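# Close look at the chain arrangement
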Amino acid sequence: MEIPRVSRPYMPGYGISGPAEGSGLLHWSWAAERLTAARNYWVATVRPDGRPHVMPVWGMWDDSTFWFTSSTGSRKIRNLSADPRCCVSTEDASDPVIIEGIARIATEAAALQRVLDLMNEKYRTDYGLGFLDPVANATVGVRPRRVFSMRACDFTGSPTRWVFED
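Residues numbered from 1 in each chain as written. Predicted model: local features only at pLDDT ≥ 70, side-chain atom pairs only at ≥ 80, totals over all residues. Heavy atoms only, no water.

Attention now moves to the pattern of salt bridges. For the structure shown, the criterion picks out 5 salt bridges. The partner of E108 in a salt bridge is R104, and the shortest N-O contact between them spans 3.4 Å. For E108, a relative accessible area of 39% gives the class partly exposed. Judged by relative accessible area, which is 42%, R104 ranks as partly exposed. (Salt bridge = Lys/Arg side-chain N within 4 Å of Asp/Glu carboxyl O. Buried < 20%, exposed > 50% of the residue type's maximum accessible area, 1.4 Å probe, protein only.)

Here it is as structure tokens:
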């Protein structure tokens with residue numbers, strides 16, 4: 001995975017400390033550990049009329065991509081097919097990791113097998129490759145453009161933004 005640029009996010013009015021103050025900028029490994037360990041995630045997409053749509057999903061972080069699956073007819077997949085921009089957040093609002101990225105629906109056999117292996121290991125399931133049949137279930141990879149995080153124990157001294165691309 002490429003090394004992101006790191007800085008404080010712009011949060012006017014919240015008394016956010018400088019990057020060298022408080023606990024300082026968080027290390028990317030801190031965010032990656034939380035992306036890997038979370039059990040549930042929130043995926044936010046945009047409906048064709050501009051209204052937001054948020055749903056919980058199971059997901060897997062795999063080095064540089066967040067993966068999840070959903071029925072091809074689901075609202076989130078229809079939204080992502082029309083507009084691949086989305087946000088993904090871990091379930092922990094106290095120490096959140098929030099991804100802003102672009103979704104891509106994968107259909108390649110190697111990608112589907114990798115996601116299936118990650119899912120079966122993480123959630124202790126025993127799904128076969130048929131579960132990810134692209135006709136029935138979409139396998140979605142979200143590559144981050146920006147990631148935000150902070151620690152509840154140091155709200156003013158820990159907010160961190162990682163930028164992967166502009």
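From this point, the narrative continues.
Another point: the packing of aromatic side chains. Summed over the entire model, instances satisfying the criterion amount to 8 aromatic pairs. Where W28 meets W61, the ring centres are 6.2 Å apart and the plane angle is 65 degrees; that geometry is what we call edge-to-face. With W28 in helix α1 (residues 28–37) and W61 in strand β4 (residues 60–62), this pair connects stretches of sequence that are 33 residues apart. For the pair W28 and W61, a shared accessibility class is recorded, and that class is buried. Within the aromatic cluster, the residues linked to one another by ring pairs are W28, W61, W162 and F164. (Phe/Tyr/Trp six-rings, centres within 6.5 Å; stacked < 30°, edge-to-face > 60°. Helix = DSSP H or I, 4+ residues; strand = E, 2+ residues; numbered from the N terminus.)

So, on to the pairing of strand β6 (residues 85–90). Here 4 bridges tie strand β2 (residues 40–46) to β6, and the two strands are oriented antiparallel to one another. Within β6, the residue paired with V43 across the bridge is V88. Looking at chain direction, β6 and strand β7 (residues 97–106) are connected through 5 bridges and run antiparallel. In the sheet register, R85 faces β7, and the bridge partner there is I102. Where β6 hands over to β7, the hairpin turn is made up of 6 residues, counted between the paired strands. (Pairing = 2+ DSSP bridges.)

Time to look at the nonpolar core. One broad rule of soluble globular proteins: the nonpolar side chains tend to lie buried together. In terms of nonpolar packing, the biggest core is built from 37 residues, with W28, F66, F68, I99, V140 and V142 touching the most fellow members. At 7 residues, the largest contribution of residues to this core is made by helix α3 (residues 109–123). Setting aside residues no more than four positions away along its own chain, F68 makes contact with V43, V57, W58, G59, K76, I77, L80, A138, T139, V140 and V142. (Core = buried A, V, L, I, M, F, W, Y, C linked by side-chain atoms within 4.5 Å. Contact = heavy atoms within 4.5 Å.)

The next point concerns helix α2 (residues 75–82). Here α2 has its buried residues at K76, I77, N79 and L80. Take α2 and look down its axis: the buried residues cluster within an arc of 160 degrees, on one side only. Along α2, the residues that are exposed and aim more than 90 degrees away from the buried face are S81 and A82. The inward-facing, buried residues of α2 contact β2, β3 (52–58), β5 (65–71), β6, β7 and β8 (137–149). (Arc of directions from axis to C-beta.)

Our next topic: the environment of G13. Considering the arrangement of structural elements, one finds G13 in the loop between β1 (5–7) and α1. For the pair G13 and T160, spaced 147 residues apart in sequence, the C-alpha to C-alpha distance is 16 Å.

This paragraph deals with unusual backbone geometry. The phi torsion at D63 lies on the positive side, around 65 degrees, for a residue other than glycine. With respect to the helices and strands, D63 occurs in the loop between β4 and β5. Look at D63 and you get partly exposed, because its relative accessible area is 48%. Of note in this structure, R124 is not a glycine but carries a positive phi near 55 degrees. In this structure, R124 sits in the loop between α3 and β8. For R124, a relative accessible area of 79% gives the class exposed.

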